[in-house]
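An overview of the molecular structure
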Amino acid sequence: MAERRLLVLFGSQTGTAQDTAERVGREARRRHLRCRVEALDSCDVANLIHEPLVVFVCATTGQGDPPDNMKMFWRFLFRKNLPAGSLCQLDYAVLGLGDSSYPKFNFVAKKLHKRLLQLGGNPLLPVALGDDQHDLGPDAVVDPWLVALWDKILALYPLPPGLEIISPDVCLPPKYTLHYLPEDSPHTNSGLLQPTAPRAAPCELHPFTAPMVSNQRVTAQAHFQDVRLIEFDIAGSGITFSAGDVVMIQPQNCPEDVQQFCQLLCLEPHRRFVLEPTEPGTSLPPLLPQPCTIQYLITHYLDISCVPRRSFFELLASFSTNELEREKLQEFSSAQGQEELYSYCNRPRRTTLEALWDFPHTTCAIPADYLLDLIPRIRPRAFSIASSMLAHPERMQILVAVVRYKTRLSKPRRGLCSTWLASLNPEQADVRVPLWVKKGGMKFPADPATPVIMIGPGTGVAPFRAAIQERVARGHRGNCLFFGCRHKSKDFYFQTEWEELVTKGFLTLFTAFSRDQEEKVYVQHRIQENRRLVWELLSSGNAHVYLAG
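Thresholds, definitions, all that
Residues numbered from 1 in each chain as written. Predicted model: local features only at pLDDT ≥ 70, side-chain atom pairs only at ≥ 80, totals over all residues. Heavy atoms only, no water. UniProt positions renumbered as here; feature names shortened; annotations may be inferred. Pairing = 2+ DSSP bridges. Helix = DSSP H or I, 4+ residues; strand = E, 2+ residues; numbered from the N terminus. Axes fitted to C-alpha atoms, helices over the stretch in contact; angles between N-to-C directions. Salt bridge = Lys/Arg side-chain N within 4 Å of Asp/Glu carboxyl O. Buried < 20%, exposed > 50% of the residue type's maximum accessible area, 1.4 Å probe, protein only. Domains from an automatic or database assignment. Right-handed = clockwise from strand over helix to strand, strands pointing away.

- Under the annotation held in an unreviewed UniProt entry, the protein carries the name NDOR1 oxidoreductase and is attributed to Certhia familiaris.
- Its UniProt record, at the heading Subunit (unreviewed entry), says of the protein: "Interacts with CIAPIN1; as part of the cytosolic iron-sulfur (Fe-S) protein assembly (CIA) machinery. Interacts with DCPS."
- As its UniProt record puts it under Subcellular location (unreviewed entry), the protein is described as follows: "Cytoplasm".

1. Side note on the sheet that holds strand E7 (residues 176–180)
- Pairing is antiparallel in the open sheet, where three strands are placed in the order E7-E11-E12. The outermost strands of the open sheet, each flanked by one partner alone, are E7 and strand E12 (292–293).
- Here two bridges tie strand E11 (residues 272–277) to E12, and the two strands are oriented antiparallel to one another. Its bridge partner lying in E12, Phe-273 is registered against Cys-292.

2. A few points about the sheet that holds strand E10 (residues 246–249)
- Here we have six strands laid out as an open sheet, ordered E13-E10-E17-E8-E9-E14, and antiparallel in their pairing. Each edge of the sheet is formed by a strand with only one pairing partner; in this case those strands are strand E13 (381–384) and strand E14 (395–401). Here the strands of the sheet are splayed against their neighbours by 40 degrees on average, with no regard to which way each runs.
- The pairing of E10 with strand E17 (residues 432–438) spans four bridges and is antiparallel. Among the inter-strand pairings, Ile-249 is bridged to a residue of E17, identified as Leu-435.

3. Quick look at the pattern of salt bridges
- Applying the stated criterion across every chain, the model contains 29 salt bridges.
- Between Asp-143 and Arg-23 there is a salt bridge, with the nearest N and O atoms lying 2.9 Å from each other. With Asp-143 in helix H4 (residues 139–156) and Arg-23 in helix H1 (residues 16–30), the pair connects residues that are 120 residues apart, well separated along the chain.
- Residue class for Asp-143 comes out buried when judged on its relative accessible area of 15%.
- Given the relative accessible area of 14%, Arg-23 is considered buried.
- For Arg-310, the salt bridge is made with Asp-139, and the minimal N-O distance between the two is 2.9 Å. Of this pair, Arg-310 sits in helix H7 (residues 310–319) while Asp-139 is found in helix H4, placing the two residues 171 residues apart along the sequence. Here the two residues Arg-310 and Asp-139 agree in accessibility, since each one is buried.
- Among the charged side chains, a salt-bridge network with shared partners connects Arg-23, Glu-27, Asp-139, Asp-143 and Arg-310.

4. Observations regarding the UniProt feature "domain: Flavodoxin-like" (unreviewed entry) in the protein
- According to UniProt, the positions carrying the feature "domain: Flavodoxin-like" (unreviewed entry) are residues 6–150.
- Overall, residues 6–150 shows 32% helix and 23% strand. The separation of its end C-alpha atoms is 12 Å.

5. Side note on the domain arrangement of the protein
- Domain boundaries assigned for the protein yield domain 1 (5–156), domain 2 (208–250 + 380–438), domain 3 (255–374) and domain 4 (452–547).
- Its C-alpha centre places domain 1 at a distance of 35 Å from the equivalent point of domain 2.

6. Quick notes on the pairing of strand E1 (residues 5–11)
- The element E1 is largely enclosed, with a buried count of six among its seven residues.
- Pairing between E1 and strand E2 (residues 34–39): six bridges, direction parallel. Looking across to E2, one finds that Phe-10 is bridged to Ala-39.
- Running through H1, the crossover from E1 to the neighbouring parallel element E2 is right-handed.
- Two elements, E1 and strand E3 (residues 53–59), share five bridges in a ladder whose sense is parallel. Its bridge partner being in E3, Leu-9 is matched across the sheet by Phe-56.

In structure tokens, the structure reads:
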């Protein structure tokens, strides 16, 4: 009998595709299939020719782009020299996750499906096009598609005699087990993030822990929004960047939330443990030291402030010993309960920690072994770099609006990364932030004669400050900036810097202060008023136009 094995590969930017891929993996295990779930760039693409059965789960980002963790796979797959029949032994299915409000809806999934077909692959089903805009979200497409997929797979690979599909009421084993170390075992700090001089340029798996040099509020105290200009020292890091590049920052949970989480789950913060994979061949989570403390795991790894997904409630229901709580959790994890889950979680932006508060009997019954199955890891956040190395060598600056807003929940919602960054005070302590740089989507012209029109309202001006600093350092004069904010006196970022450059003839500046007069004035009004200049720059100057929000 053919070996019953399935490979699930995902390309995920925000974690939704990964969550769906993990769901496919769980359903495969319930059908007694040997199953691996991996990011597309983590698997050796050349081995695809040996795989009998693969499910691809891919998101589409930006303007029809593949997610970061499948870019290498994507380049390989579209190589011209791949033989037409190279995947003729492969049965596959493609599940796409996208948003129909974008013109290139599910472009990556459609293109992948077509390419696998060209290479001789045999599709088990038509490509699934999950849509975020649907009232029930992507699950409206995913749920029925998965039912059809398992019918196909079980027809090809029937259950071995005497085995039944494992019921959803039975809890699958966790991905890892936590082995607590004796209280008196010797301590090592081996894996904690150390500011080391990296061998290569820092990346997600090897970030540079950059010292924070300054953290300055750049909006007036009376202004509703707290915006910070933050500077890091990157000397000796091997980091280089140019205008338009992005810095990725790995945030952490605040101590109060970590303490609450430990109390709710009856965990001892200072207990040390090592992780062991349940199934051989499962790699350990990167960025988690071994051994590790519970406190480090919750502070640096588990995203307890994210809005929980359907899979969270599904797993939680299986631990519940309280009938009322279990019924509610089962409803939230059913296809019929998705509208109610949306109202409970997504609309008010309820966090994982807050959801756990609402199910106290279940929460204190969560086995520690399942923490990494239950809660996703904290994702890095991207910020436009707001300075140029030509103006500030060995330094990097970012402009950060501290995210804080109200929903129907009594407590204001706070952005995890911006709130954490704003709380750090380099004047009181040595503050270090794990970061690395990614190439941005904006490229500025190398030809000094090419004028540049930049439209950057609010903190959208950050990448243009980097560009203007870079261009001024090179003596490029054709810089035109449209900047907008609410009040000249409260949130006019980099005012003195811009005015100095205008005086020196390096910058043409147009400002729109929307609330400083009776009628609201925005950047688009200033563009319209100056349409002759804009058209002249475009038609005879061949200007490049950039817009950042």
